[in-house]
Each structure stands twice: as C-alpha cells, then as structure tokens.
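Per-entry structural report
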Amino acid sequence: MNSLPKSLQKTIDFFEKLPGIGPKSAKRLAFYLLRLPQQDLDEAAKNISMLKNNSLYCEICMNLTEEKICAICEDENRDHTTVVIVESVLDLLSMEVGNQYKGIYHVLHGRIDPLNYIGPDDIFIGKLIERLKTNKKKIKELILATNPNMEGEATAIYIKNKILEMLGSNIKITRLAYGLPIGAELEYADYMTLSKALEGRREY
Ligand SMILES: [Zn+2]
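You'll find the chain entered in an unreviewed UniProt entry as Recombination protein RecR. In its Sequence similarities (unreviewed entry) section, UniProt records this for the chain: "Belongs to the RecR family." Reading the Function (unreviewed entry) entry of the UniProt record for the chain gives the comment "May play a role in DNA repair. It seems to be involved in an RecBC-independent recombinational process of DNA repair. It may act with RecF and RecO."

1. Some details on the pattern of salt bridges
As enumerated under the stated definition, the model contains four salt bridges in all. Two residues, Glu96 and Arg78, come together in a salt bridge whose shortest N-O distance is 2.8 Å. One end of the pair, Glu96, is in helix α5 (residues 89-96); the other, Arg78, is in the loop between α4 (71-74) and β3 (79-86), with 18 residues separating them in the sequence. As a salt-bridge pair, Glu199 and Lys196 come within 3.9 Å of each other at their nearest N and O atoms. Placement of both Glu199 and Lys196 in helix α8 (residues 191-199) is noted, with a separation of three residues, approximately one turn of the helix.

2. Some details on the UniProt feature "zinc finger region: C4-type" (unreviewed entry) in the chain
According to UniProt, the feature "zinc finger region: C4-type" (unreviewed entry) maps to residues 58-73 in the numbering used here. Its end C-alpha atoms 8 Å apart, residues 58-73 is made of 19% helix and 12% strand.

3. Some points on the side chain of Thr82
By the element assignment, Thr82 lies in strand β3. Ignoring any residue separated from it by four or fewer positions in sequence, one finds Thr82 in contact with Tyr101, Gly103, Ile104, Glu141 and Ile143.

4. Some words on the pairing of β3
Burial analysis of β3 places six of its eight residues in the buried class, the great majority of the element. Inspection of the sheet shows β3 paired to strand β4 (residues 103-107) by five bridges, in the parallel sense. Paired with Val86 across the bridge in β4 is Val107. Traced from β3 through α5 to β4, the parallel crossover comes out right-handed. Alignment of β3 against strand β5 (residues 141-144), held across four bridges, turns out to be parallel. By the bridge assignment for β5, Thr82 is matched with Glu141.

5. Observations regarding the coordination of the zinc ion
Working reference: metal with six octahedral donors, ideal angles 90 or 180 degrees; metal with four tetrahedral donors, ideal angle 109.5 degrees. Taken together, the protein donors to the zinc ion comprise Cys58 (SG), Cys61 (SG), Cys70 (SG) and Cys73 (SG), at separations of 2.3 Å. For the zinc ion, the four donor atoms are set out with angles of 104 to 115° between them, so the coordination reads as tetrahedral. Donor residues for the zinc ion sit on one chain with the sequence pattern C-x2-C-x8-C-x2-C. Of this pair, Cys58 sits in the loop between β1 (56-57) and β2 (64-65) while Cys70 sits in the loop between β2 and α4, and the two are 12 residues apart along the sequence. Accessibility assignment for this pair places Cys58 and Cys70 in one class, buried.

Analysis parameters
Residues numbered from 1 in each chain as written. Predicted model: local features only at pLDDT ≥ 70, side-chain atom pairs only at ≥ 80, totals over all residues. Heavy atoms only, no water. UniProt positions renumbered as here; feature names shortened; annotations may be inferred. Salt bridge = Lys/Arg side-chain N within 4 Å of Asp/Glu carboxyl O. Helix = DSSP H or I, 4+ residues; strand = E, 2+ residues; numbered from the N terminus. Contact = heavy atoms within 4.5 Å. Buried < 20%, exposed > 50% of the residue type's maximum accessible area, 1.4 Å probe, protein only. Pairing = 2+ DSSP bridges. Right-handed = clockwise from strand over helix to strand, strands pointing away. Donors = N, O, S within 2.8 Å, 3.2 Å for Na, K, Ca; no water. Tetrahedral: all angles 85-135°; square planar, octahedral: opposite > 155°, others 65-115°.

Shown next, in the form of structure tokens:
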C-alpha cells in the first residue's frame with residue numbers, strides 16, 4: 001500500500017520521467033526537496049512553470065532567449081561576420097565555455113536523421129538560408145560545428161551544398177577540425193579518429 005502524501009508521490013513520479021533518473025534516484029531527489037526551505041521550493045516551482053513561456057527562439061539565431069533577440073546577437077563586441085552552426089543550444093553553451101569564440105551562432109535544433117524521419121525541413125536550415133540571404137555582405141564565414149557522426153556529417157554536407165546552390169561561393173565555409181582530445185594517448189585512439197587527425201594535421 002502506498003502511504004506517501006500525494007504531492008510527494010507525484011513529485012517522485014515526475015522525476016522518474018526525467019532522462020537518466022531511475023526509481024531510486026527519483027525517491028532520493030523528492031525526499032531531498034522535502035528538506036529544503038519552502039521559499040526555495042516556491043521559487044523553483046515558479047521557474048519550472050514559466051520555463052516554456054519564457055524560453056523563446058531568438059529571431060536571428062534561434063538560440064533560446066526571453067527577449068526577441070538573444071544576448072549573443074545583441075552583443076556589439078562580438079564578431080558578426082562569423083557564424084558557428086550548431087545542432088543544439090547545449091552545443092552553443094559548450095562553445096561559450098572559456099570565451100574563446102567571439103563570433104555569433106545559428107542553432108539548428110536537430111540534425112538530419114532519416115532513420116528517425118528528421119529531414120532538412122524539420123530543423124532550422126531554411127531560417128539559416130534566409131538569414132544568409134538578407135545578410136549577404138555581412139556574414140563572411142560559416143563554421144559547421146555539427147557533431148562528427150553520421151547524422152552530423154550528413155547535415156553539414158547538406159548545408160554546404162544548399163548554400164552553394166542558393167548563394168554561390170561568396171561565403172567561406174569551414175568545418176570544425178577532427179582530431180585527438182587533449183590529454184589522449186595515441187595508443188588508445190580509434191582508427192577513424194586517428195585517420196581524421198592525420199588528415200587535419202597542420203603546420204607546426
Ligand atoms: Zn541570437
């Protein structure tokens with residue numbers, strides 16, 4: 001017999017639906033919340049309930065934002081001639097760590113994945129082409145930063161061909177380098193990584 005208070009049980013059920021959380025972790029998290037001050041819970045509940053309404057797509061780059069235009073696109077100090085194309089906002093956040101990259105972005109919100117019925121029209125490639133057409137002179141380089149797997153590669157190739165077809169070769173198109181992770185040992189690298197690293201070698 002389940003003797004738990006309804007709210008507690010429903011919170012456990014909710015956590016269980018989250019990725020990577022099993023029944024035990026769900027219980028542990030819910031009981032942890034029970035020990036937090038009421039004020040923290042109110043604040044968290046408020047933020048969660050507004051999560052969707054307050055997360056809009058930036059009209060320029062499709063990053064998530066509360067305003068019409070995201071803080072990155074608004075930033076005059078960034079290089080607006082270089083655009084990195086990423087699959088997701090999480091990828092954008094990874095690129096932002098360390099503040100190495102000073103340009104702007106375009107977020108696709110997915111990748112071409114025929115096995116899961118995701119085609120070019122299901123992600124924001126059309127928006128990218130539109131954006132490039134209206135900023136023809138301003139944008140000088142596109143860096144394709146889709147993931148180095150089959151779907152990411154197919155997406156990069158599709159975008160490159162589409163741009164060549166629609167806009168000609170006026171924009172420089174580059175792809176993030178493949179290679180060995182920092183601190184890796186050659187002995188343990190797989191064949192594909194090693195051959196791609198060899199291919200992408202540069203003068204030293
Ligand atoms: Zn933006």
